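# Coordinate analysis (summary)
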Amino acid sequence: MSRPISTRLTLFVFSLILLVTGAVAQGTSGNVAGTVTDATGAVIANATVKVLSPISGHAQTAQTDAGGQYRFNNLPFNRYHVSVTAKGFQPAAQDTIIRSAASTTVDFRLAVGNNEQTVTVEAEAEDMVNGDPTSASAVDRNLFAKLPSESTNAPLSSLVTLSTPGIASDSNGLFHPMGEHADTTYSIDGQPVSDQQSRVFGNQLSVNAIQSINVINGIAPPEYGDKASLVVQTTTRSGLGLPHPTGSLSLGYGSFGTGIGSAALGFGTQRYGNFATFDAIDSGRYLDTPEYRPIHAHGNNENFFDRIDYRPNLADSFQLNLGLSRSWFQNPNQYDQQQAGQDQRGKILSYNVSPSWTHIISANSLLSVNPYLRQDNFHYYPSKNALSDTPATLAQSRRLQNAGFKVDYSYARGINTFKAGAMFYHTFLHEGFSLGITDPTFNAPCLNADGSPDPNANDPNNCPQGDTPNSNYNAGTAPFDLTRGGSLYNFNGHTDIKQEAIYLQDNIVWKNWSFLIGGRFDNYNGLSRRSMAQPRLGGTYNVKKTNTVLRLGYGKLFLTPYNENLIVSSSTGVGGLEGAGFGAVPLKPASRSQYDAGFEQGFGKHLVVNGEYFWKYTDRDYDFDIVLNTPLAFPIQWKKSKIDGFGIKVTVPETHGISAYAVLGHTRSRFFGPEVGGILFNNPNTSSSAPFRIDHDQAFQQSTHLQYQPKPKLPWYGITWRYESGLVAGNAPIDDGKNPTDLTYLTADQQSQILLRCAGVQASLSAPLTSCPTGQLSSPLLSLPKPGTENDDRNPPRVAPRTMFDMAAGWDNILQRDHLKTNLSITAVNVTNKYALYNFLSTFSGTHFVSPRTVSAQITLNF
């Protein structure tokens, strides 16, 4: 299908902008520079300067040049402790905060000291707490390079899940932040990416290219909008200041025939830098599977990233980020699908071009300009024989192309750090989708006498003798039942969405107080239209005597519909294809009011506790509806939601080779119908207005990581303990305490997956259960309410709680070389081989098992 002239003209003009600006917003990092002198003002050469973020652990070391000058590039926004030592002089240290891309000057004047003294300069206790009005969690490369990852091909999602409080994990690298589905924006060197970034939606940035992340889990500052329950500020690695080629080459192999390869190369000067990475993975368990044993689950991914920096003078900085990635995968089968010969596959092609330019206007102000263009192409292929697909044959081809332009102005003086900006987003969507039911028992109008679906019945109003009408029959999907004379549901559509936003914000630091005052205005013009002003307010008070920070915040947020499959979902109406309200009802932008209260408490230099309570009310909240156990997901919208909960992070900074952290979270996620959009459902709440717990509600989760390295030249060891109380299982069997439980809506395979039992008799593929007397139903993989106690809002069925352990060990520079260093590591995930589910018949993500025990080994050459 050819694009309209206006669309092609927009893309042409935008391409010219990309070529002309060729530049980085540096939206997530800045620089520290300065001069080291003695008491008389004479410069000191070869002094050792170290910059350290006690919060994230990020550290760099430099030597002063002949002019006594030093410079640190690409420092992620954070609080830093800068120290200097030089032979014959007393050591000195200062603290500084980096909030913008402007160069921060930290000069030192050293006093004469003892020539023989050996000095270690460490961060003080007050450096350990963060007085910023926005709650955030920072993680540096020195941690996540050694953190056991539970995700084969979405390690960035895994990193965010394992290190951020208030997040519930889900299958295929998906996660639920602060009770929402996946309401997350990634800010990659200042470029906003709010489209889905899990392995079943798009190809995400490799952690090999990342220097540091800072995850905002409180109320987002006004510069962030669209999807902002979580903002992942991501700083990529840079080649600036690397006079000699520096990089790594890594190879690994593990369970399920998983092969991993990665390479990184950086080089440059203080004016020019280039850093490139390439990563590839091939696995027999690429996606999480609906059976414990992977069946038809092979896949691979290739990912290339390149960052180019150029600084022609002290006032101007140019950066260009380039990304190209591809993934191909088989959709994992259930046993019955494998027996039928099902061979459904998917492919995702992605690219990203993000140039930007930062101009320092004066010592107090700077301007940043960042155009960008990114695209995800998703293709899903049915089996060669459509009737081999069961219970439905599916196909899709969709393209999501996002062009944007972002301009920021920053001004810092005295107690104020002011920032203003404007953004323009233009999203081009093209969606093709087809569906046909191929299993005559999937939506049978009538039931046999034993309660099983009758594959030969065609009319619920005229069932064969001995049959009864099927109460779960959906007349809305009858036209697409290929086994009863129906035809394929075919959809093909395209549209474009325009969004504009402006924002103002001011960070004010006065004595022990810190305030964030600002607002944002968004305009959305797509399949629906809406505009909204959004005030954002936050404040902290630092009780320095006790090293305590108290935090309060309020934010109004404007949320836009998910772009993936938005056109298809906006064409179906209430209840999707199954609903009586079949017809076009576009998904609309939503509004949210959020309140936060939190604290941060430092206990000396060795323990920090950060806690946050949140309450948010959303008018027209979103979720996704998947088709069966495929990666085909369609955005849906509920009338409203009420969500509250808390997140806590406990951090033990490294001391004597030991470091640790724990992240905890609790969420109550209550949604209210009716629902609009989607395709097929397994949740009876789509048309009800009663409150219910949605399938990303979880009462409690925690991850604790402990790492130990006795000495820098010795091996290191790490262990992660994970506990999750269980997500809501919206379509689990319910015992009402009065009547036998009807189990005919569950297939034999679905019953076998959860080891369903009735009076001690376990369902099997050859002998499924049809009903069960009250009080006799059980499953070790689900937490089913006691008979007669189920309540969709107060006591819903859930996935059973699970406790899992991951371990890692390694030896860096095992040969003790100065240049070519060899690292060895081994990682084991789910060490105890826990047999557990992520979810069961979830509207959002279907049925998937957690990964069985996986062990992998890796060798890395660093140069």
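Analysis parameters
- Residues numbered from 1 in each chain as written.
- Predicted model: local features only at pLDDT ≥ 70, side-chain atom pairs only at ≥ 80, totals over all residues.
- Heavy atoms only, no water.
- Helix = DSSP H or I, 4+ residues; strand = E, 2+ residues; numbered from the N terminus.
- Rg over C-alpha atoms; globule rule 2.2 N^0.38 Å.
- Buried < 20%, exposed > 50% of the residue type's maximum accessible area, 1.4 Å probe, protein only.
- Areas by Shrake-Rupley, 256 points an atom, 1.4 Å probe, with all protein chains shown as cover.
- Lys, Arg positive; Asp, Glu negative; His and termini not counted.
- Charge placed at Lys NZ, Arg CZ, Asp CG, Glu CD.
- Pairing = 2+ DSSP bridges.
- pLDDT = per-residue confidence, 0-100.
- Contact = heavy atoms within 4.5 Å.
- Polar contact = N/O pair within 3.5 Å; in protein donor to acceptor, adjacent residues only side chain to side chain.
- Patch = residues over 30% accessible without salt bridge, like charges linked within 9 Å, V, L, I, M, F, W, Y side chains within 5 Å.
- Salt bridge = Lys/Arg side-chain N within 4 Å of Asp/Glu carboxyl O.
- Disulfide = S-S within 2.5 Å.
- 1 Å grid on protein atoms, 1.4 Å probe; cavity = no way out; pocket = protein on both sides within 12 Å on 5 of 7 lines; lining within 4 Å.
- Points joined across faces, edges and corners; volume = space filled by probe spheres on them.
- Nonpolar A, V, L, I, M, F, W, Y, C, P; charged D, E, K, R; others polar.
- Axes fitted to C-alpha atoms, helices over the stretch in contact; angles between N-to-C directions.

From N to C terminus, the protein includes six helices and 52 strands. Relative to the compact-globule value of 29 Å for 863 residues, the protein shows a C-alpha radius of gyration of 28 Å, a close match. By residue count, 58% of the 863 residues in the protein fall in the buried class. With an accessible surface of roughly 32,800 Å², the protein has 58% of that area assigned to carbon and sulfur atoms. Separation of charge centres in the protein, based on 64 positive and 68 negative side chains, amounts to 6 Å.

Sheet topology note: the strand β24 (residues 416-437)/strand β27 (residues 489-510) ladder contains 20 bridges and is antiparallel. Along β27, the bridge assignment pairs glycine 421 with tyrosine 503. Of the pairings in the sheet, the one linking β27 to strand β28 (residues 513-525) comprises 13 bridges and is antiparallel in character. Note that in β28 the partner of tryptophan 510 across the bridge is tryptophan 513. Taking the residues that link successive antiparallel strands as the turn, the β27-β28 hairpin has two residues, and the phi of lysine 511 there is positive, at about 55 degrees.

The next point concerns the confidence of the model for the protein. Residues shown with low pLDDT carry predicted positions that ought not to be read at fine detail. Per-residue confidence for the protein gives a mean pLDDT of 89, with 93% of residues at or over 70. Contacts from residues 1-26, a stretch scored under 50 in pLDDT, to residues over four places away or in other chains number 61 contacts.

Before going further, it helps to spend a moment on unusual backbone geometry. Geometrically, the link from threonine 390 to proline 391 is a cis peptide bond, its omega value of 5 degrees lying close to zero. Mapped onto the fold, proline 391 is located in the loop between β22 (365-381) and β23 (392-413). Each neighbour pair has its own omega, and for glycine 673 with proline 674 the value is 5 degrees, a cis peptide bond. Within the secondary structure, proline 674 is located in strand β37 (residues 658-677). A positive phi angle is found at asparagine 172, which is not glycine, with a value near 55 degrees.

Let's shift gears to the side chain of aspartate 793. Tracing the sequence through the fold places aspartate 793 in the loop between β46 (782-783) and β47 (798-799). A polar side-chain atom of aspartate 793 sits 2.9 Å from a polar atom in the side chain of arginine 670.

The next thing to look at is the sheet that holds strand β43 (residues 761-762). By way of backbone hydrogen bonds, the strands of a sheet pair with one another, either parallel or antiparallel. The three strands are arranged β43-β42-β45 in an open sheet whose pairing can be described as antiparallel. Two strands bound the open sheet, and with one partner strand each, they are β43 and β45 (777-778).

Together, Leu249, Leu251, Leu265, Phe267, Tyr272, Tyr310, Leu820, Leu824, Ile859, Leu861 and Phe863 give the surface a local cluster of nonpolar side chains, amounting to about 920 Å² of exposed area. Only β16 (246-254), β17 (258-268) and β52 (854-862) provide two or more residues apiece to the nonpolar patch. Position of tyrosine 272 relative to the elements: it lies in strand β18 (residues 272-283). On the accessibility criterion, tyrosine 272 (34% relative accessible area) is partly exposed.

For the rest of this paragraph, the subject is the state of the cysteines. A full pass over the atoms with the stated rule returns two disulfides. With a sulfur-sulfur separation of 2.1 Å, cysteine 446 is cross-linked through a disulfide to cysteine 463. Between cysteine 446 and cysteine 463, the disulfide has an S-S torsion of -85 degrees and is therefore left-handed. Taken together, the residues cysteine 446 in strand β25 (residues 446-447) and cysteine 463 in the loop between β25 and β26 (468-469) connect sequence positions 17 residues apart. Summarising the burial analysis for this pair, cysteine 446 and cysteine 463 share the class buried. Cysteine 758 shares a disulfide with cysteine 772; S-S distance 2.2 Å. On the sign convention where negative means left-handed, the S-S torsion of about 95 degrees between cysteine 758 and cysteine 772 marks this disulfide as right-handed. With cysteine 758 in strand β42 (residues 757-758) and cysteine 772 in strand β44 (residues 771-772), this pair connects stretches of sequence that are 14 residues apart. For the pair cysteine 758 and cysteine 772, one class covers both residues: buried. Disulfide partners in the protein, listed by the sequence order of the bonded cysteines, are 1-2, 3-4.

Next up on the list: empty space enclosed by the protein. The calculated volume of the largest cavity comes to roughly 260 Å³. At the level of elements, β13 (191-193), β19 (299-310), β20 (316-330), β21 (345-360) and β22 are the ones that each hand at least two residues to the lining of the largest cavity. Of the residues forming the lining of the largest cavity, the biggest block, five residues, is contributed by β20. Classifying every residue of the lining of the largest cavity by side-chain character gives eight nonpolar, 11 polar and two charged.

So, on to the pattern of salt bridges. This model, assessed by the stated rule, comprises 28 salt bridges. Aspartate 481 is the salt-bridge partner of arginine 484, the closest N and O atoms lying 2.9 Å from each other. Notably, a salt bridge pairs aspartate 793 with arginine 693, separated by 3.5 Å at the nearest N-O pair. Here the residue aspartate 793 occupies a position in the loop between β46 and β47, and arginine 693 occupies one in strand β38 (residues 691-693), the gap between them amounting to 100 residues. As far as the burial class goes, aspartate 793 and arginine 693 line up, both buried.

On to the sheet that holds strand β9 (residues 136-140). The five strands lie next to each other as β9-β14-β15-β12-β13, forming an open sheet whose pairing is mixed. In the strand order of this sheet, the two ends are held by β9 and β13, each with one partner. Going from strand to strand, the sheet's axes swing by 20 degrees on average, the running direction of each strand aside. With three bridges joining them, strand β12 (residues 184-188) and β13 adopt antiparallel strand pairing. Counterpart to serine 187 in the pairing with β13 is proline 192.

Take the pairing of β18 next. As paired strands, β17 and β18 are joined by 10 bridges and run antiparallel to one another. Bridge pairing in β18 places glycine 259 opposite aspartate 282. Linking β17 back to β18 in an antiparallel pair, the connection comprises three residues. Both β18 and β19 contribute to a ladder of 12 bridges, which runs antiparallel. By the bridge assignment for β19, aspartate 282 is matched with asparagine 300.

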